[in-house]
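# Coordinates in review
Here is what each chain is made of, one letter per residue.
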Amino acid sequence: MSQSTTDQNSSRPGDAAPTAPTAPTGPDGAAVDAPRHSAVRGWLAVVGLALGVFSFVTTETLPIGLLPAIADGTSVSVGTAGFLVSGFAAVAAVTAAPLTALAGRVDRKWLLVGLMLVYIVGNLLAAAATGYALLLAARVIVALAHGVFWSIAASIAVRLVPERHAVRATSVVLGGISLASVAGTPLGTAVGQSAGWQAAFVGVGILGFLVLAAALLFMPSLPARGSGSLGALVHVLRHRALRVAVGVTALIMSGHFLAFTYVAPYLEDVTGVRPSLVGVLLLVFGVAGLVGNFAAGAVVGRALRTSVIGCTGLLAVVMAVMYAGGAGLSLTITLLVCWGVLYAALPVALQTWVMRLVPEESEAASSLYVAAFNGAIGVGSFIGGLIVDASGPRPAMLAAGAFALAAMALTAALGRPRTPESL
């Protein structure tokens, strides 16, 4: 399928706010996918999806604030324990696009139910693990479901509500991603530090049961859309604008997770923060991120390219100051607040950019974004682990700043508001 002139124009990074993919509607305005499905039940299903996104993304980053405890409990180095994040991300990155395409003809309700069952089993297995090998295997199990869930969540949400509420439903689900990124890790860290890291995995497993119940109780049958084939991936990769957005995502997320995966040892070893305060400081990071998330929603639609350039550039400055600043609790808190605001704004901007592209194959395009995001987490945390094991956590901040500068340069050079070229 070739891209129309209208689709090309809508892909410009400087355009107004995106229009989310919408479901066909009947005379009454209700989505035809959900006949006899009440508005209340539809929104409850959307909230369930948002909770699912929160659960999956929180699970992905859960070990970050608990790396020292997990390393001690499983008798491995902090860098090796960091592979629980990088390995998870690598599996999700490699499998997200092909598994989403291959599951293209499965009813979305029952695909969601199956994904949640895999998620629950994997997290409960992680909670029961007493050694590193079993814990890593449990993480791989969850990672297989992670990329597919994240790829389909938004496209499912717009089919659960009337067409006029499609954008709102998309925002609710994507809010689960932002909330998990800025608040899930601090909450998981607090639970893990107070009750043991295994308890944190039990907690996210319980969240999975809630999402499973919401899918069974509130979600109607949703037949698959799109071509449901690997050819859809080839189609979306022809769009130059999507490739640029995916590249920027890969760079900035690599930099962020290179540093953030090892923020706990940085806080303890460089700034001298007591381990009991790490969760509190990550909560500060999370609260700042919520502010950044709401602020981004207000400005990204009007100045997308400027927002990406500004956030990546300022994040590079924050990383450089964290490297040069050394100790000092007040300075550390200030930098964490700035970091939280900037990072939370970036997924909003990048998701907005990607969601403008290839509306006829929205799940395939989203799966490539998910693959880039998760691949970047794996690359960043892996490089960070090498740096931390060799030189400690402080140099990781400088390396993260270099990735942020590269993302800013790519956006400035190739993210101009012009019609993308299809190759």
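Note: the structure precedes this text.
So, here is what we can say about the structure in this document. (Residues numbered from 1 in each chain as written. Predicted model: local features only at pLDDT ≥ 70, side-chain atom pairs only at ≥ 80, totals over all residues. Heavy atoms only, no water.)

## Quick look at the overall build of the protein
Counting its regular elements, the protein contains 17 helices and 0 strands. Considering only contacts in the protein between residues 6 or more positions apart, those separated by 24 or more positions represent 88%. As displayed, the protein offers around 15,300 Å² of accessible surface, 70% of which is attributable to carbon and sulfur atoms. (Helix = DSSP H or I, 4+ residues; strand = E, 2+ residues; numbered from the N terminus. Contact = heavy atoms within 4.5 Å. Areas by Shrake-Rupley, 256 points an atom, 1.4 Å probe, with all protein chains shown as cover.)

## Brief notes about the nonpolar core
By size, the foremost hydrophobic cluster in this structure holds 126 residues, and its most contacted members are Leu49, Phe149, Leu160, Met253, Met319 and Trp339. No other element matches helix α7 (residues 132-157), which puts 14 residues into this core. (Core = buried A, V, L, I, M, F, W, Y, C linked by side-chain atoms within 4.5 Å. Buried < 20%, exposed > 50% of the residue type's maximum accessible area, 1.4 Å probe, protein only.)

## Notes on a nonpolar patch on the surface
Together, Leu99, Leu102, Val140 and Leu144 make up a nonpolar patch on the protein surface, roughly 320 Å² of accessible area in all. Sorting the residues of the nonpolar patch by element identifies α5 (83-102) and α7 as the ones contributing at least two each. Within the secondary structure layout, Leu144 lies in helix α7. For Leu144, a relative accessible area of 38% puts it in the partly exposed group. (Patch = residues over 30% accessible without salt bridge, like charges linked within 9 Å, V, L, I, M, F, W, Y side chains within 5 Å. Salt bridge = Lys/Arg side-chain N within 4 Å of Asp/Glu carboxyl O.)

## Describing helix α14 (residues 304-325)
Its 22 residues place the ends of α14 31 Å apart at the C-alpha level, agreeing with the 32 Å of an ideal helix rising 1.5 Å per residue. Listing the buried residues of α14 in full gives Leu304, Ser307, Val308, Cys311, Thr312, Gly313, Leu315, Ala316, Val318, Met319 and Met322. (Expected span 1.5 Å × (residues − 1).)

## As for unusual backbone geometry
The bulk of non-glycine residues show a negative phi, and the bulk of peptide bonds are trans. The phi dihedral of Ser75 falls on the positive side, at around 60 degrees, and the residue is not glycine. With respect to the helices and strands, Ser75 occurs in the loop between α3 (67-74) and α4 (78-81).

## As for the packing of aromatic side chains
All chains considered together, the criterion is met by 10 aromatic pairs. When the centroid spacing of 6.0 Å and the interplanar angle of 65 degrees are considered together, the rings of Tyr369 and Phe373 count as edge-to-face. With Tyr369 and Phe373 both in helix α16 (residues 362-391), this residue pair falls 4 residues apart, about one helical turn. You can call Tyr369 buried: its relative accessible area is 2%. A relative accessible area of 3% means that Phe373 is categorised as buried. Through successive ring pairs, a cluster of aromatic residues spans Phe56, Tyr119 and Phe149. (Phe/Tyr/Trp six-rings, centres within 6.5 Å; stacked < 30°, edge-to-face > 60°.)

## Looking at the environment of Gly205
Within the secondary structure, Gly205 is located in helix α9 (residues 197-218). In this view, Gly205 contacts Tyr119, Ile120 and Asn123; residues no more than four positions away in its chain are not counted.

## Concerning α7
Its 26 residues place the ends of α7 37 Å apart at the C-alpha level, agreeing with the 38 Å of an ideal helix rising 1.5 Å per residue. The largest bend in α7 amounts to roughly 30 degrees and is located at Phe149. (Bend = angle between axes of the 7 residues up to and from the residue.)

## Quick word on the packing of helix α6 (residues 108-128) against α7
Packing of α6 against α7 brings their axes to within 8 Å, and their N-to-C directions diverge by 155 degrees. Judged by the inter-axis angle, α6 sits roughly antiparallel to α7. By crossing handedness, the relation of α6 to α7 is classed as left-handed. Residue-level contacts link Arg108, Leu111, Leu112, Leu115, Met116, Val118, Tyr119, Gly122, Asn123, Leu125 and Ala126 of α6 to Leu134, Leu135, Ala138, Ile141, Val142, Ala145, Val148, Phe149, Ile152 and Ile156 of α7. Split into classes, the residues belonging to the contact of α6 with α7 amount to 18 nonpolar, 2 polar and 1 charged. (Axes fitted to C-alpha atoms, helices over the stretch in contact; angles between N-to-C directions. Parallel < 35°, antiparallel > 145°, perpendicular 65-115°, else oblique. Left-handed = near helix turned anticlockwise from the far one by under 90°. Nonpolar A, V, L, I, M, F, W, Y, C, P; charged D, E, K, R; others polar.)

## Overview of the packing of helix α2 (residues 39-61) against α7
Between two packed helices, what matters for the description is the angle formed by their axes and the separation of those axes. The contact between α2 and α7 brings their axes to 10 Å, and the two run at 145 degrees. For the pair α2 and α7, the sense of crossing is left-handed. Here α2 contributes Val46, Leu49, Gly52, Val53, Phe56, Val57, Thr59 and Glu60 to the contact with α7, which in turn contributes Arg139, Val142, Ala145, His146, Phe149, Ala153, Ile156 and Ala157. Considered class by class, the residues forming the contact of α2 with α7 number 11 nonpolar, 3 polar and 2 charged.

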